[in-house]
Amino acid sequence: MNVVEISGVSKRFGSTTAVEGIELEIGEREFVSLIGPSGCGKSTLLRIIGDLIEPSGGKVVVNRKTARQARKDRDYGIVFQDPVLYDWRTVAKNVALPLEIARWPRQKRKVRVQKMLELVELTGFENHRPWQLSGGMQQRVSIARALSFDPALLLMDEPFGALDEMTRERLNMELLRIWAASGSTVVFVTHSISEAVFLSTQVVVMSPRPGRISEVVPIDLKQPRTATTREEPRFFELVTQVREALHLGHDLERAAPVITQQAEA
Amino acid sequence: MSSTAPVAVQPVPRGGLGKLVGHRLIDWLPAVIVLVGIVGLWQGLIVWLDVQQFLLPKPTAIASAFWTDKQELLHAGWYTFQEALGGFALGSGTAIVLAVVLARWRRLGAALMPYFIAANAIPIIAFAPITNQWFDGGLTKSSKIVIAAILCFFPVLVNTLRGLTSVRPQDLELMRSYAGGQTAIFRRVRIPNALPFIFTGLKVATVLAMIGAVVGEYFGGALNALGVLILARSRIFLFTQAWAGVFVACLFGLGLYIAVALVERIALRWMPSTSE
């Protein structure tokens, strides 16, 4: 069964077309990365899946429902590049936020928050304020919050984009562990080719103006991924394949002006 | 995962009321020195330049006038303070409730806000003689409470509205992703986000409340009201005694300000840097 089915989706903001002709199916327990240069509409596509943006055309089905119904049923958790934690809430209270809105009873909430903080290894930080934590820790709180109500789908918009390389690689490992433990499907937006290849079961390569899917690269690296995965020859092959797909998307776009310049010369 | 052992960036601030007020005695020292300096300079200049008592009395003369009449002055101050407090509560309360309504229904806000801004340009104090006539010929507290309330209303309204509307887009996206309704958004995002703004407005309002009450009394009020007392004394050239009345007005105004600032510290303990 597919968790996400997108057909013929487009989105225009005024006169600019953000994405166009998007066809994509995401199966259960897949880890799908959307990658592409700035302005290719990958964040827009993620928000369309999550019904944070309404598409101008086409159809989005999430868990066999409309995206809107899926949102109302709280079928997905979302993690932004900015952790979006509330300073007036403690770490534990931030994780409990979606549970409060879904009206979980207090005791059940408490137990679940403990479990989630254990999952992201932040036990002992329940009563800290978000600003007392490092960037990486804040993002882990944000992940714990997104997964706290067991959503079928996890949407992540460049969650590690603002972090340094070392923290980022560590959190990549943690995310894979959490993904394996939670059994959810992940849609992950990133700028980084190696991150996309390392994490994903499929990499969706997008090209800009208008944003389109130019290629879907299946990642056949064996599970579970480990620190040595990044050193395997197959890893490099796949990185190269994604990079070439990215450049192809770019070159198509630039082909016309290059020829004009030559003609003028 | 031992390498990922998390480390807190800063320790959790904890402490009693003393810590909450945020200062040890030594932190107040510079301010105390300035106060002593200014009062000393005032006293010294008057003696040195031989300024007439009715133009500007010496601080020591004001202090002794205050001491002689302290019973009556503090009693009058308390009476006026009650008006100021009533006006502060009424004006600020109305402003906060209205700000929530205007933030919730933006169309309504867009329709009404220009008139509130225009209304703010009216010198409210100019209405004091008129409002006095609206309420019992100005002899009760009501008319002063209304003047103080109107003065408090606007800064609290504007600040609260700004706080309620200045949430980040991601904050709203997050709430939307949890299918949180308007009530949840207000309760869990907009209102907590507005708290620092609300307190800024309230602190401005404390001072305005006392001004409103005293000036209102200049146009007539109860015999034991501070404004009436200041006016009566300056009319019979008891300027030092009038100054003592002004001093009492400052005292009560400052008291209200400090009370609000203290509540702010307690309410905003979660802020990254209220004490830094």
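Residues numbered from 1 in each chain as written. Chains lettered and ligands numbered in written order. Predicted model: local features only at pLDDT ≥ 70, side-chain atom pairs only at ≥ 80, totals over all residues.

1. Points about the overall build of chain A
Counting secondary structure elements, chain A contains eight helices and ten strands. In terms of C-alpha radius of gyration, chain A reaches 19 Å, essentially the compact-globule figure of 18 Å for 265 residues. The dimensions of chain A, computed from C-alpha atoms along their principal axes, are 70 × 40 × 35 Å. The buried share among the 265 residues of chain A stands at 46%. Here the analysis covers contacts within chain A between residues at least 6 apart in sequence; of these, 71% occur between residues at least 24 apart. (Helix = DSSP H or I, 4+ residues; strand = E, 2+ residues; numbered from the N terminus. Rg over C-alpha atoms; globule rule 2.2 N^0.38 Å. Buried ≥ 20, exposed ≤ 12 C-beta atoms within 10 Å, placed from the backbone. Contact = placed C-beta atoms within 7 Å.)

2. So, the overall build of chain B
When helices and strands are tallied, chain B shows eleven helices and zero strands. Along its sequence from the N terminus, chain B presents helices and strands in the succession α-α-α-α-α-α-α-α-α-α-α. Looking at chain B as a whole, 32% of its 276 residues are labelled buried. Within chain B, contacts between residues separated by at least 24 positions form 77% of all contacts whose residues are at least 6 apart in sequence.

3. Describing the sheet that holds strand S3 (residues 31–35) of chain A
All names here are of chain A. Read from one edge of the open sheet, six strands run S6-S7-S8-S3-S9-S10, paired in mixed fashion. Of all strands in the sheet, those bounded by a partner on one side alone are strand S6 (76–79) and strand S10 (212–218). Looking at each pair of strands side by side, their axes are set apart by 15° on average, direction ignored. Examined bridge by bridge, strand S7 (residues 153–157) and strand S8 (residues 185–190) share five bridges and lie parallel to one another. Residue pairing in the sheet places aspartate 157 in a bridge with valine 189 of S8. (Pairing = 2+ DSSP bridges. Axes fitted to C-alpha atoms, helices over the stretch in contact; angles between N-to-C directions.)

4. Concerning helix H6 (residues 165–182) of chain A
Residues and elements named next belong to chain A. Taking 1.5 Å of rise per residue, the 18 residues of H6 would be expected to cover 26 Å, and the 25 Å separating its terminal C-alpha atoms lies within 8% of that figure. Among all positions of H6, only Leu171, Leu175 and Ile178 are buried. Angular distribution of buried residues about the axis of H6 spans 65°; they occupy a single face of the element. Turned more than 90 degrees away from the buried face of H6, the exposed residues are Glu165 and Met166. Against the buried residues of H6 lie helix H4 (106–119), helix H5 (135–147) and helix H7 (193–199). Two residues or fewer past H6, glycine 183 is found with a positive phi of approximately 70°. (Expected span 1.5 Å × (residues − 1). Arc of directions from axis to C-beta.)

5. Things to note about the interface of chain A and chain B
A common way to state how big an interface is: give the accessible area lost once the parts meet. Facing 28 residues of chain A, the contacting portion of chain B comprises 22 residues. The leading source of residues in the side of chain A that touches chain B is helix H3 (residues 91–101) of chain A, at three residues. Looking at the side of chain A that touches chain B, its residues break down into 15 nonpolar, five polar and eight charged. (Nonpolar A, V, L, I, M, F, W, Y, C, P; charged D, E, K, R; others polar.)

6. Considerations on the sheet that holds strand S1 (residues 2–13) of chain A
Residue and element names in this part refer to chain A. The strand order across the open sheet formed by four strands is S2-S1-S4-S5, and the pairing between neighbours is antiparallel. The sheet is open, and its two edges are formed by strand S2 (16–27) and strand S5 (65–66), each paired on a single side. Direction of pairing for S1 relative to strand S4 (residues 57–62): antiparallel, over a ladder of five bridges. Paired with isoleucine 6 across the strands is valine 60, a residue of S4.

7. Concerning the pairing of S4 of chain A
Each regular strand shows side chains that alternate between the opposite faces of the sheet. Residues and elements named next belong to chain A. One ladder, built from two bridges, connects S4 with S5; its direction is antiparallel. Within S5, the residue paired with valine 61 across the bridge is threonine 66. Hairpin connection of S4 to S5: two residues between the antiparallel strands, including asparagine 63 at a positive phi of 55°.

8. Regarding the environment of glutamine 43 of chain B
Residues and elements named next belong to chain B. Along the chain, glutamine 43 turns up in helix H2 (residues 25–49). When the 14 C-beta atoms within 10 Å are taken as the criterion, glutamine 43 is described as partly exposed. For the pair glutamine 43 and proline 59, spaced 16 residues apart in sequence, the C-alpha to C-alpha distance is 6.0 Å. If we skip the residues at most four places from it in the chain, glutamine 43 touches Lys58, Pro59 and Thr60.

9. So, the environment of leucine 154 of chain A
Note on placement: leucine 154 of chain A falls in strand S7. Once residues within four sequence positions are removed from consideration, leucine 154 of chain A is found in contact with Tyr76, Gly77, Ala146, Leu147, Ser184 and Val186 of chain A.

10. A short note on the confidence of the model for chain B
Residue and element names in this part refer to chain B. Across chain B, the average pLDDT comes to 84, with 89% of residues at or above 70. Within chain B, no element has a lower average pLDDT than helix H1 (residues 17–21), which sits at 52, and none a higher one than helix H4 (residues 70–104), at 93. Long-range and interchain partners of residues 1–15, a stretch whose pLDDT sits below 50, account for 18 contacts in this model, where long-range means more than four residues apart. Both confidence scores are given for the complex: pTM 0.81, ipTM 0.82. (pLDDT = per-residue confidence, 0-100.)

11. Examining the confidence of the model for chain A
Low pLDDT means the predicted coordinates in that region are not meant to be read closely. Residues and elements named next belong to chain A. Per-residue pLDDT for chain A has a mean of 87; in total, 94% of the residues score no lower than 70. Of all helices and strands in chain A, the one with the weakest mean pLDDT is helix H8 (residues 233–264) (70), whereas S3 scores best (95). Scored below 50 in pLDDT, residues 255–265 makes zero contacts in the model with residues more than four places away or belonging to other chains.

12. Re helix H10 (residues 226–235) of chain B
Residues and elements named next belong to chain B. Those residues of H10 not exposed but buried are Leu226, Gly227, Val228, Leu229 and Ile230. Where H10 is buried, its residues meet H4, helix H9 (182–218) and helix H11 (239–267). Positioned one or two residues after H10, phenylalanine 237 has a phi angle of 65°, which is positive.

13. Some remarks on the packing of H3 of chain A against H5 of chain A
Between two packed helices, what matters for the description is the angle formed by their axes and the separation of those axes. Residue and element names in this part refer to chain A. Between H3 and H5, the shortest axis-to-axis distance is 7 Å and the interhelical angle comes to 30°. When the axes of H3 and H5 are compared, the crossing they make is right-handed. Contacts between H3 and H5 pair Val91, Asn94, Val95, Leu97 and Pro98 from the former with Val141, Ala144 and Arg145 from the latter. Along the lines of polarity and charge, the residues of the contact of H3 with H5 split into six nonpolar, one polar and one charged. (Left-handed = near helix turned anticlockwise from the far one by under 90°.)

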